[in-house]
Amino acid sequence: MGCYRLHLYWSDPEIGRCNLKSIVSTSIAILSGLVVLVGYFVQIPILVELRSLFLDWAVILAAFMVFIGVLNISIVNISHFTSGKKDGFFGLMLIISMFVTLALGLILKPGHPIMNFIFNSIQLPVELSLMAVLSITFLIAAIHLLRRKPGWVSITFLVTALLILVGTAPSPFGEFPLLGGFLKPFIAQVLAASGARGIILGVGLAALTMGLRILFGADRPYGGK
Amino acid sequence: MNITVLLAVGLVALTAILILIFAIIKRKAVPSRRVIPAIDQLRQALDRSVEGGTRVHLSLGKGRLVSPQGAAGLAGLSTLNSLSSVIQSSDLPMVTSSGEPSLSILSQDILRLSNREHLGSEEISFRQSRLTGLTDFSYAAGTIPVISNNNVSTNVLLGDFGIEAGLIMESALRNNGTTVAASDDISGQAVMFASTGESLVGEELFAVSEYLNHTPVHAASLTVQDILRWGVIACIFIGAILKLGGVI
């Protein structure tokens, strides 16, 4: 049965081509992953050199991917504009501002006063306004939390957030002795920090097994099953 | 090699050996896993999307692959691999968004291969897999129209998200869709907990693909994670006792 399947795979030029592509990409991923991992732990000159070479290639590829990503953003937004969608005008504005900023950056170089002006007067206020919207969003989420998830976990979450906020916010009557001096540091530095460390340890262990699954070729985020 | 490097090599080698052993043991075993309500909710939402002819949206976050946050992005891509098989029968193909170009390109590749496998064609629309922004907030702002303009009923946020996830979640809730979210970032997890009905906490982010598409290696890696977690707990406990006793 296995031989029959293999025969089918290789006798169909299209499937055979794709299968070969998958084998090659999997082999490259496993081999380069192993070299980088071993080169990280074992200081053999050739391995260390190979590791840094592979990492350099990865950085160059990542930079090239940014270029492809910008093309994707451009194509999607141009198609929104040309298809007459309701947000098409914003798409056009995005494309114009993106290419004007790019052209100015190439001509004037980063650090030029005009570039600083663009970032400080447009980019920064826009991002800050989104941050302000976010604070309102969090407030609404907190109000809806008890409706969505009634229970002691939500109550603990809200009470803790409230205590930290009250402990952090400046008060016209000076610092609350119990809250600012004891309760807030205890919650933030003991309870929250230990909980966060526990979660990070769990995430770290899961990331380790995830990496090994990729090294084994069991997970192929670069395509293929 | 110093002791720290030796311990690290030992941990990686032990984990690799354990995964291989458990993958062989669990080859024919019936999967037995604890219930994660968020993943059950996701399964139901996927069924509803397929039946209702609506779209599923997966947001992969902004974790650069050549950074420690890359693992979360890879977990998102692994889930995309599983999701794309599960919902191939839907009338509307799924859409993905990301804040990192490498994730965007890899997601296109996965969708293309899934199409080839199930529909016999590699063609996908460039709108199906979008890079929506290159900074945290531009990514969140760019993802909002993807959710609101594409007849999306199920939103899955899996990857590296910070507080900007709040904007995406708000848009998803306003759209009356089901949202399941997980992040490797602590502040992102707090935002997700407050904004969704069911959220995934900590390492549950890495378990989604196994829950959706069972394979022996995935099942083995979950078992190994549990073993390692008990090992870490034992180490912390022994370390605390030794510290209290004045030995270290």
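Analysis parameters
- Residues numbered from 1 in each chain as written.
- Chains lettered and ligands numbered in written order.
- Predicted model: local features only at pLDDT ≥ 70, side-chain atom pairs only at ≥ 80, totals over all residues.
- Heavy atoms only, no water.
- Helix = DSSP H or I, 4+ residues; strand = E, 2+ residues; numbered from the N terminus.
- Buried < 20%, exposed > 50% of the residue type's maximum accessible area, 1.4 Å probe, protein only.
- Contact = heavy atoms within 4.5 Å.
- Areas by Shrake-Rupley, 256 points an atom, 1.4 Å probe, with all protein chains shown as cover.
- Lys, Arg positive; Asp, Glu negative; His and termini not counted.
- Charge placed at Lys NZ, Arg CZ, Asp CG, Glu CD.
- Core = buried A, V, L, I, M, F, W, Y, C linked by side-chain atoms within 4.5 Å.
- Axes fitted to C-alpha atoms, helices over the stretch in contact; angles between N-to-C directions.
- Parallel < 35°, antiparallel > 145°, perpendicular 65-115°, else oblique.
- Left-handed = near helix turned anticlockwise from the far one by under 90°.
- Nonpolar A, V, L, I, M, F, W, Y, C, P; charged D, E, K, R; others polar.
- Polar contact = N/O pair within 3.5 Å; in protein donor to acceptor, adjacent residues only side chain to side chain.
- Salt bridge = Lys/Arg side-chain N within 4 Å of Asp/Glu carboxyl O.
- Patch = residues over 30% accessible without salt bridge, like charges linked within 9 Å, V, L, I, M, F, W, Y side chains within 5 Å.
- pLDDT = per-residue confidence, 0-100.
- Phe/Tyr/Trp six-rings, centres within 6.5 Å; stacked < 30°, edge-to-face > 60°.
- Lys NZ or Arg CZ within 6 Å of the ring centre and 35° of its normal.
- Buried area = accessible area lost by both parts, 1.4 Å probe.

(A) Broad picture of the overall build of chain A. Secondary structure assignment for chain A yields 7 helices and 0 strands. Listed N to C, the secondary structure of chain A is α-α-α-α-α-α-α in terms of helices and strands. Within chain A, buried positions represent 25% of all 225 residues. Pairs at least 24 residues apart make up 23% of the contacts formed inside chain A by residues separated by at least 6 positions. A total accessible area of about 14,800 Å² is found for chain A, and carbon and sulfur atoms account for 78% of it.

(B) How the structure looks around the overall build of chain B. When helices and strands are tallied, chain B shows 9 helices and 6 strands. With the C-alpha coordinates aligned to their principal axes, the bounding extent of chain B is approximately 65 × 40 × 35 Å. Relative to its 248 residues, chain B shows a buried fraction of 53%. In chain B, the share of contacts with a sequence separation of at least 24, taken over all contacts with a separation of at least 6, comes to 72%. Carbon and sulfur atoms provide 61% of the accessible area of chain B, an area that totals close to 10,400 Å². Looking at charge distribution, chain B has the averaged site of its 17 positive side-chain charges lying 4 Å from that of its 20 negative ones.

(C) Representation of the nonpolar core in the model. Grouped together as the largest cluster of nonpolar side chains are 38 residues, with contacts concentrated most on Leu58, Leu77, Met94, Leu158, Leu200 and Phe206 of chain B. Among the elements of the structure, α7 (177–216) of chain A together with α2 (37–52), β1 (55–61), α3 (70–86), α4 (101–119), β4 (152–160), β5 (178–183) and α8 (208–212) of chain B are those that each provide at least two residues to this core. The biggest single contributor to this core is α3 of chain B, with 7 residues. Ignoring sequence-local partners within four residues, the contact set of Leu200 of chain B consists of Ile36, Ala38, Ile39, Leu158, Val180, Ala181, Ala182 and Val208 of chain B. Counting residues in each nonpolar core, the second largest holds 15 residues, with Ile168, Met169, Ala172 and Met192 of chain B among its members.

(D) Representation of the packing of helix α1 (residues 3–25) of chain B against helix α9 (residues 216–244) of chain B within the structure. Residue and element names in this part refer to chain B. Packing of α1 against α9 leaves a shortest axis separation of 8 Å and a crossing angle of 130 degrees. Taken together, the axis directions place α1 and α9 in an arrangement best described as oblique. The two elements α1 and α9 meet at a crossing, and its hand is right-handed. Residues Leu11, Thr15, Leu18, Ile19, Phe22 and Ala23 of α1 lie in contact with α9, whose contacting residues are Pro216, Val217, Ala220, Ser221, Thr223, Val224, Ile227 and Leu228. For the contact of α1 with α9, a count of residues per class yields 11 nonpolar, 3 polar and no charged.

(E) Just unusual backbone geometry, in detail. For Lys109 of chain A, which is not glycine, the phi torsion reads 75 degrees and is therefore positive. By the element assignment, Lys109 of chain A lies in the loop between α4 (88–108) and α5 (113–148).

(F) Structural detail: the side chain of Ser78 of chain B. Locating Ser78 of chain B in the fold gives a position in helix α3. For Ser78 of chain B, a relative accessible area of 6% gives the class buried. At 3.2 Å, the side chain of Ser78 of chain B and the side chain of Ser209 of chain B are in polar contact. With near-sequence residues (within four places) excluded, Ser78 of chain B lies in contact with Met210 and Asp219 of chain A together with Ser209 and His218 of chain B.

(G) Representation of the pattern of salt bridges in the model. All names here are of chain B. All told, the structure shown has 8 salt bridges over all chains when counted by the stated rule. In this structure, Arg229 and Glu203 form a salt bridge, with 2.8 Å as the shortest nitrogen-oxygen distance. Highlighted residues: Arg229 in helix α9 and Glu203 in the loop between β6 (198–199) and α8, separated in sequence by 26 residues. Within the structure, one salt-bridge network assembled from shared partners comprises Lys62, Asp160 and Glu164.

(H) Inspection of a nonpolar patch on the surface at higher detail. A cluster of nonpolar residues, Ile44, Ile46, Leu50, Leu53, Trp57 and Ile60 of chain A, forms a patch on the protein surface that exposes about 580 Å² of accessible area. By relative accessible area, Leu53 of chain A is classed as partly exposed at 36%.

(I) Broad picture of the confidence of the model for chain A. Residues and elements named next belong to chain A. When pLDDT is averaged across chain A, the result is 82; 90% of the residues are at 70 or more. In the model of chain A, helix α1 (residues 2–11) stands out as the element of lowest mean pLDDT, 44, in contrast to α4, which has the highest, 90. Within the model, pLDDT remains below 50 along residues 1–12, and this stretch shows 7 contacts once partners closer than five positions in the same chain are excluded.

(J) Region of the structure containing the packing of aromatic side chains. Summed over the entire model, instances satisfying the criterion amount to 7 aromatic pairs over all chains. One residue, Lys149 of chain A, lies across the ring of Phe193 of chain B, its end atom 3.6 Å from the ring centre.

(K) View of the interface of chain B and chain A. Counting residues at the interface gives 75 residues for chain B, matched by 58 residues for chain A. Note on chain B versus chain A: buried area summed over both sides is about 5,500 Å², and carbon and sulfur give 73% of it. Of all residues in chain B, the largest losses of buried area upon contact with chain A belong to Phe137, Phe193 and Phe206 of chain B, amounting jointly to 11% of the total for that side. Our count for the contact surface shared by chain B and chain A stands at 0 salt bridges. Linking chain B with chain A are 12 residue pairs in polar contact (both at pLDDT 80 or more). For the side of chain B that touches chain A, the leading source of residues is α4 of chain B, giving 10 residues.

(L) Main features of the packing of α5 of chain A against helix α6 (residues 165–174) of chain B. Running from N to C, α5 of chain A and α6 of chain B cross one another at 55 degrees; their axes reach a closest spacing of 9 Å. Overall, the two elements α5 of chain A and α6 of chain B adopt an arrangement that is oblique. Taken as a pair, α5 of chain A and α6 of chain B cross one another with a handedness that is left-handed. Counted together, Leu130, Val133, Leu134, Thr137, Phe138 and Arg148 of chain A of α5 of chain A and Gly166, Leu167, Glu170 and Leu173 of chain B of α6 of chain B form the full contact between these two elements. Considered class by class, the residues forming the contact of α5 of chain A with α6 of chain B number 6 nonpolar, 2 polar and 2 charged.

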